[in-house]
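# Descriptive structure summary
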Amino acid sequence: MKKTISLFFILIFLLTAAACTSGQRTARQAFAFDTVINITTDEKDSFSINQAFEKCRSYEKIFSRTDSESELYAINQGSVTQLSADMQTVMKFSLEFSRLTDGAFDVTVAPLVELWNINGRTVPPSEKEIKEALSPVGYEKIQFEPFSAGGAAIDLGAVAKGYIADRLTEYFSQSGITNVIVDLGGNVAVLGEYTVGIRNPFNPGQVFATIKLKDKSAVTSGAYQRYFEYQGKRYHHIIDPRTGKCAESGIASVTVISPSSMHADALSTAIYVSGTDALTLCSNFPDTDALIITVDGEVITTENFEKKYDLRIE
Ligand code: AMP
Ligand code: MG
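First, a word on what this report is: a plain description of the structure on this page.

Each value, and the rule that gives it
- Residues numbered from 1 in each chain as written.
- Chains lettered and ligands numbered in written order.
- Predicted model: local features only at pLDDT ≥ 70, side-chain atom pairs only at ≥ 80, totals over all residues.
- Heavy atoms only, no water.
- Salt bridge = Lys/Arg side-chain N within 4 Å of Asp/Glu carboxyl O.
- Helix = DSSP H or I, 4+ residues; strand = E, 2+ residues; numbered from the N terminus.
- Buried < 20%, exposed > 50% of the residue type's maximum accessible area, 1.4 Å probe, protein only.
- Axes fitted to C-alpha atoms, helices over the stretch in contact; angles between N-to-C directions.
- Parallel < 35°, antiparallel > 145°, perpendicular 65-115°, else oblique.
- Left-handed = near helix turned anticlockwise from the far one by under 90°.
- Contact = heavy atoms within 4.5 Å.
- Nonpolar A, V, L, I, M, F, W, Y, C, P; charged D, E, K, R; others polar.
- Pairing = 2+ DSSP bridges.
- Donors = N, O, S within 2.8 Å, 3.2 Å for Na, K, Ca; no water.
- Expected span 1.5 Å × (residues − 1).
- Near = heavy atom within 4 Å.
- Polar contact = N/O pair within 3.5 Å; in protein donor to acceptor, adjacent residues only side chain to side chain.
- Areas by Shrake-Rupley, 256 points an atom, 1.4 Å probe, with all protein chains shown as cover.

## A short note on the pattern of salt bridges
All told, the structure shown has 18 salt bridges when counted by the stated rule. Among the salt bridges present, the one from Arg25 reaches Asp42, with a minimum N-O distance of 2.8 Å. In this pair, Arg25 is assigned in the loop between α1 (8-22) and β1 (26-32) and Asp42 in the loop between β2 (35-41) and α2 (46-63), connecting sequence segments 17 residues apart. In this structure Asp42 comes out as partly exposed when scored by relative accessible area, which is 26%. The partner of Glu132 in a salt bridge is Lys128, and the shortest N-O contact between them spans 3.3 Å. Placement of both Glu132 and Lys128 in helix α6 (residues 127-134) is noted, with a separation of four residues, approximately one turn of the helix. Several salt bridges converge on common partners, so that one network encompasses Lys216, Asp287, Asp289 and Lys308.

## Here we look at the packing of α2 against helix α7 (residues 160-174)
Here α2 crosses α7 at 150°, and the two axes come no closer than 10 Å. In terms of axis orientation, α2 runs roughly antiparallel to α7. The two elements α2 and α7 cross, and the hand of that crossing is right-handed. Contact residues: Ser48, Ile49, Gln51, Ala52, Lys55, Cys56, Tyr59 and Phe63 in α2; Ala160, Tyr163, Ile164, Arg167, Leu168, Tyr171 and Phe172 in α7. Of the residues in the contact of α2 with α7, the class split is eleven nonpolar, two polar and two charged.

## Quick word on the sheet that holds strand β5 (residues 193-199)
Across the sheet, three strands lie side by side as β5-β6-β15; this open sheet has antiparallel pairing. Only two strands of the sheet have a single neighbouring strand rather than two, namely β5 and β15 (312-313). Two strands pair when backbone bridges link them, and strand β6 (residues 207-214) and β15 are joined in this way by two bridges, in the antiparallel orientation. Looking at the pairing, Ala209 lines up with Ile313 of β15.

## Some remarks on the sheet that holds strand β13 (residues 289-294)
Hydrogen bonds between backbone atoms are what pair the strands of a sheet, whose relative direction is either parallel or antiparallel. Strand order in the open sheet made by the eight strands is β1-β2-β3-β4-β7-β12-β13-β14, with antiparallel pairing throughout. Two strands close off the open sheet at either side, each with one partner strand: β1 and β14 (299-301). On average, adjacent strands in this sheet sit at an angle of 15° to one another, irrespective of strand direction. Looking at chain direction, strand β12 (residues 251-258) and β13 are connected through six bridges and run antiparallel. Paired with Thr255 across the bridge in β13 is Leu291. This element, α2, spans β1 and β2 of the sheet and lies at about 15° to β1.

## Re the coordination of the magnesium ion (ligand 2)
In the first shell of the magnesium ion (ligand 2), the protein supplies Ala158 (O), Asp265 (O), Asp265 (OD) and Thr269 (OG1), at 2.1 to 2.6 Å from the metal. For Thr269, a relative accessible area of 14% gives the class buried.

## So, α7
Its 15 residues give α7 an end-to-end C-alpha distance of 21 Å, which sits within 8% of 21 Å, the value for a rise of 1.5 Å per residue. What α7 keeps buried is the set Ala160, Gly162, Tyr163, Ile164, Ala165, Asp166, Leu168, Thr169, Tyr171 and Phe172. Buried residues along α7 sit in contact with β2, α2, α4 (85-100), β3 (180-184), β4 (187-191) and α8 (261-274). Immediately beyond the C-terminal end of α7, within one or two residues, lies Gly176, with a positive phi of roughly 85°.

## Concerning the pairing of β6
Looking down a regular strand, the side chains alternate between one sheet face and the other. Taken together, the seven bridges between β5 and β6 define a ladder with antiparallel strand orientation. Residue Tyr194 lies in a different strand from β6, and its bridge partner there is Leu213.

## Let's talk about the pairing of strand β9 (residues 233-236)
Pairing analysis gives four bridges linking strand β8 (residues 227-230) to β9, with the strands arranged antiparallel. Across the sheet, Tyr230 pairs through a bridge with Lys233, a residue of β9. Two successive antiparallel strands, β8 and β9, enclose a turn made up of two residues, where Gln231 displays a positive phi of approximately 45°.

## With respect to the site of ligand 1
Around ligand 1, 17 residues are found, and the nearest of them are Ala104, Asp155, Ser221, Ile239 and Thr269. At a separation of 3.1 Å, an oxygen atom of ligand 1 approaches a polar side-chain atom of His237. A distance of 2.7 Å is found between an oxygen atom of ligand 1 and a side-chain nitrogen or oxygen belonging to Thr269. Protein coverage of the free-state accessible area of ligand 1, which is 500 Å², stands at 93%. It is α8 that contributes the most residues to the shell around ligand 1, three residues altogether. The class makeup of the residues in the shell around ligand 1 is nine nonpolar, four polar and four charged.

In structure tokens form, the structure reads like this:
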């Protein structure tokens, strides 16, 4: 077997091509969560899509770490003790998941994310800076009820898009729309059946493989989109909270498929940090599978993946 994720670009390409031939699809694009959002339905319905974009803007006001008007920003300032319902759900899950992964996924990774500032840096931080940023990291510091961040700063970048994708497909479903693709910067969730592409992590302009999804989400984590290179080495946006450095687990990309986009999102990050042995994490969640492409180009999947998702390696 062989490769992993990155459904987005390729996916979008495939979908757009399909839209042209059917003449019935509605596809819209917006920008939120620092990423490009694409929503496509098989119906002539831009009203629902526009409503979904509005919802994205509201969710940004809850989960953004950097927007000074967001709930998460206020939490990180220590000025919130009562969490909104959405925040409660995501925070509770994230804390449990941090525990389950023994801190490979750590919701308090914010100081390291800020230090590494992947989109702004050209040179890695010093060992001293990493050590300093590591000291407030530790999900054990957080108390959920009553809520207290315990001096830690929270980042939900590895899980919030998944939660939002779930809320959007739920909204479409409740609106009677049975065919839709929600793509939040590669965090894909579909209602109905669609073939989507997994990007080639070694050549992100190409599709590595295709899979068939029905009423499921596919989320990929990889080091080929948000990174910088310094002295021949790549530094990327997924941090190992145990070392404070960019995760290096031998994985080029990992794609997780699940009925819950939130589960897929969190799992893809955790598996990327922990390595191929962490594939077993999937068994903690219903009907959840993964495909890893290692840095050597080997493909490792959960059992029956090929058959279940009609995997075709290009
Ligand atoms: P993803 O692209 O879903 O794998 O998530 C990566 C994003 O999650 C980063 O941009 C950070 O905001 C955050 N993050 C990075 N490393 C971790 C980690 N080990 N645990 C939790 N969140 C992380
Ligand atoms: Mg994630």
